[in-house]
Amino acid sequence: METKLYIDRHVELVEKCKQGERRAQYELYKHYSKAMFNVCMRILNHVGEAEDVLQEAFLDAFNNLHTFRNQSTFGAWLKQIVVNRAINHLRSRKSRGGIQWTDLDSQRLGEDDGLDVADTEPYDEEGVQLEVDRVRRAMQDLPEGYRVVLSLYLFEGYDHEEIGAVLGISETTSRTQYMRAKKRLVEMLK
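Residues numbered from 1 in each chain as written. Predicted model: local features only at pLDDT ≥ 70, side-chain atom pairs only at ≥ 80, totals over all residues. Heavy atoms only, no water.

The subject of this paragraph is unusual backbone geometry. The backbone of Asn45 sits at a positive phi, close to 55 degrees, despite the residue not being glycine. By the secondary structure assignment, Asn45 is in the loop between helix H2 (22-44) and helix H3 (47-63). Although it is not a glycine, Asn70 adopts a positive phi angle of roughly 60 degrees. (Helix = DSSP H or I, 4+ residues; strand = E, 2+ residues; numbered from the N terminus.)

Written out as structure tokens, the structure reads:
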């Protein structure tokens, strides 16, 4: 299998960081911090926790930069670290009783809180134009399990099998959380 190398416009900065140049680290931080903070917020929905996770992720990245092999862009590599850190933070929150997942494998299909939007009328996702701020605010108000699965699937590009693995839930639970999150979000935006 052939290994693909990706063009990364920050190759020089990454190399300078590997040599210990603090200014290069600061430049990379300035370039990526806002986008990575947004990733943290979509998963954690708490400013203070997102800031902490972001800082920990950058520390991990800079301390482990020697393991970065340029097989992807630095941004993609960093994003993986950020997502993993945020999910680990969610797990620790869960162990403290802060997040609740619904075990849907033990429920029979069809037993939910009502009809699915897809069951009542066709839904044209491309045709719907929603304002970004309204959607972001509505997503912040979703129950945590819904918000996390929706964010990982839509924004971070995870599939349901991957979501199940990283969150310790079944693939079925991930799919159902995603469908219910979409339904709830649509209801909130009406």
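Any two side chains of opposite charge can pair, on the condition that their charged atoms come close. Tallying each qualifying case throughout the model produces 10 salt bridges. Here Lys18 makes a salt bridge to Glu15, at a shortest N to O gap of 3.6 Å. Residue Lys18 and its partner Glu15 are both found in helix H1 (residues 11-18); the two are separated by three residues, about one turn of the helix. Ionic pairing is found between Arg85 and Asp60, a salt bridge with its closest N-O pair at 2.7 Å. Pair noted here: Arg85 is in helix H4 (residues 74-95) and Asp60 is in helix H3, with a separation of 25 residues, a long-range link. We classify Arg85 as partly exposed; its relative accessible area is 27%. A single salt-bridge network, built from bridges that share partners, covers Glu49, Arg93, Glu144 and Arg147. (Salt bridge = Lys/Arg side-chain N within 4 Å of Asp/Glu carboxyl O. Buried < 20%, exposed > 50% of the residue type's maximum accessible area, 1.4 Å probe, protein only.)

So, on to the confidence of the model for the protein. Close reading of the predicted structure is inappropriate where its pLDDT is low. Predicted confidence across the protein gives a mean pLDDT of 81, with 76% of residues reaching 70 or more. Taking the mean pLDDT of every element in the protein, the minimum, 44, falls on helix H5 (residues 117-120) and the maximum, 95, on H3. Counted against residues more than four places away or in other chains, residues 101-120, with its pLDDT under 50, gives 28 contacts. Here residues 123-130 is a poorly scored stretch, pLDDT under 50, and it has five contacts once near neighbours within four places are set aside; other chains count. (pLDDT = per-residue confidence, 0-100. Contact = heavy atoms within 4.5 Å.)

Attention now goes to the packing of H2 against helix H7 (residues 144-154). Interhelical geometry of H2 versus H7 gives an angle of 140 degrees and a closest axis separation of 7 Å. In terms of orientation, H2 and H7 fall into the oblique class. Along its contact with H2, which presents Met41, Arg42, Ile43 and Leu44, the element H7 presents Glu144, Arg147, Val148, Ser151 and Leu152. Residues of the contact of H2 with H7, tallied by class, amount to five nonpolar, one polar and three charged. (Axes fitted to C-alpha atoms, helices over the stretch in contact; angles between N-to-C directions. Parallel < 35°, antiparallel > 145°, perpendicular 65-115°, else oblique. Nonpolar A, V, L, I, M, F, W, Y, C, P; charged D, E, K, R; others polar.)

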